[in-house]
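Descriptive structure summary
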Amino acid sequence: VIEEVLGVVVERLRAEGVDAEMIPVEVWWRRSYDMAEPALLQTLRDSGAASVLWVEMRFGFRERFSVACHGPDGRRAWRERRSGGSGFTDLHRPHDEFNTEMVDAVLDDVAGRVGDPCLPAG
């Protein structure tokens, strides 16, 4: 599910005109931004990217989805997030699928930030 959701994020950003790509697997599996920050900052330096989006998600129970934009210095510029209910309200959704409505809502908010210094469009 993680790779599928990250693919949705990248494709949505590309549709909004952002030159987005998924970073290597060795970095994105980290549990917290603090653990991954050195590797992410090195990725920024190596790639010349303007920013890194840190995506956190939990689906199925006490659902949440957030996207935070970190600039070249590693500081968080902004974060968009949603949290859901218990996850038991949608009994027809298999547990290995993500909450598309929640992801879409956050990505709609992120789309409103396209063009700012942390999320340039080109």
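Details of the structure are given in the entry above.
Calculation criteria
- Residues numbered from 1 in each chain as written.
- Predicted model: local features only at pLDDT ≥ 70, side-chain atom pairs only at ≥ 80, totals over all residues.
- Heavy atoms only, no water.
- Helix = DSSP H or I, 4+ residues; strand = E, 2+ residues; numbered from the N terminus.
- Expected span 1.5 Å × (residues − 1).
- Buried < 20%, exposed > 50% of the residue type's maximum accessible area, 1.4 Å probe, protein only.
- Contact = heavy atoms within 4.5 Å.
- Polar contact = N/O pair within 3.5 Å; in protein donor to acceptor, adjacent residues only side chain to side chain.
- Pairing = 2+ DSSP bridges.
- Axes fitted to C-alpha atoms, helices over the stretch in contact; angles between N-to-C directions.
- Salt bridge = Lys/Arg side-chain N within 4 Å of Asp/Glu carboxyl O.

This brings us to helix α1 (residues 2-15). With 14 residues, α1 extends 20 Å between its outermost C-alpha atoms, agreeing within 8% with the 20 Å of an ideal straight helix rising 1.5 Å per residue. Looking one or two places after α1, you find G17, whose phi comes out positive at around 95°.

The next thing to look at is helix α4 (residues 100-111). Taking 1.5 Å as the rise per residue, α4 with 12 residues should run 16 Å; its terminal C-alpha atoms sit 16 Å apart, in good agreement. Regarding α4, the residues found buried are M102, V103, V106, L107, V110 and A111. Buried positions along α4 lie against α1, β2 (64-70) and β3 (76-83). The N-terminus of α4 is capped by N99, whose side-chain oxygen sits 3.2 Å from the backbone nitrogen of E101.

What follows deals with the sheet that holds β3. What links the strands of a sheet is backbone hydrogen bonding, and the strands pair in either a parallel or an antiparallel sense. On the basis of which strands lie adjacent, the open sheet formed by three strands has the order β1-β2-β3 and antiparallel pairing. In this open sheet, the two edge strands, each paired with only one partner strand, are β1 (52-58) and β3. Shown here is a sheet whose adjacent strand axes are inclined to one another by a mean of 10°, direction ignored. Bridge analysis of β1 against β2 gives seven bridges, and the strand direction is antiparallel. Counterpart to E56 in the pairing with β2 is S66. In the packing of α1 onto the sheet, contacts are made with β1 and β2, and the angle to β1 comes to roughly 140°. Helix-sheet contacts for α4 involve β2 and β3, and the interaxial angle to β3 is about 150°.

Structurally, the position occupied by Q42 is in helix α3 (residues 33-47). Judged by its relative accessible area of 35%, Q42 falls in the partly exposed class. Along the chain, Q42 and P72 lie 30 residues apart, while their C-alpha atoms are 9.5 Å from each other.

So, about the pattern of salt bridges. In the structure shown here, the tally under the stated rule is five salt bridges. The partner of E11 in a salt bridge is R14, with the nearest N and O atoms 3.1 Å apart. With E11 and R14 both in helix α1, this residue pair falls three residues apart, about one helical turn. Between E80 and R113 there is a salt bridge, with its nearest N and O atoms 2.7 Å apart. Remark: R113 occurs in the segment after α4 and E80 occurs in strand β3; sequence separation between them is 33 residues. Via salt bridges that share partners, R12, E16 and D108 belong to a single interconnected network.

Remember that the coordinates give geometry; whether it matters functionally is a separate question.
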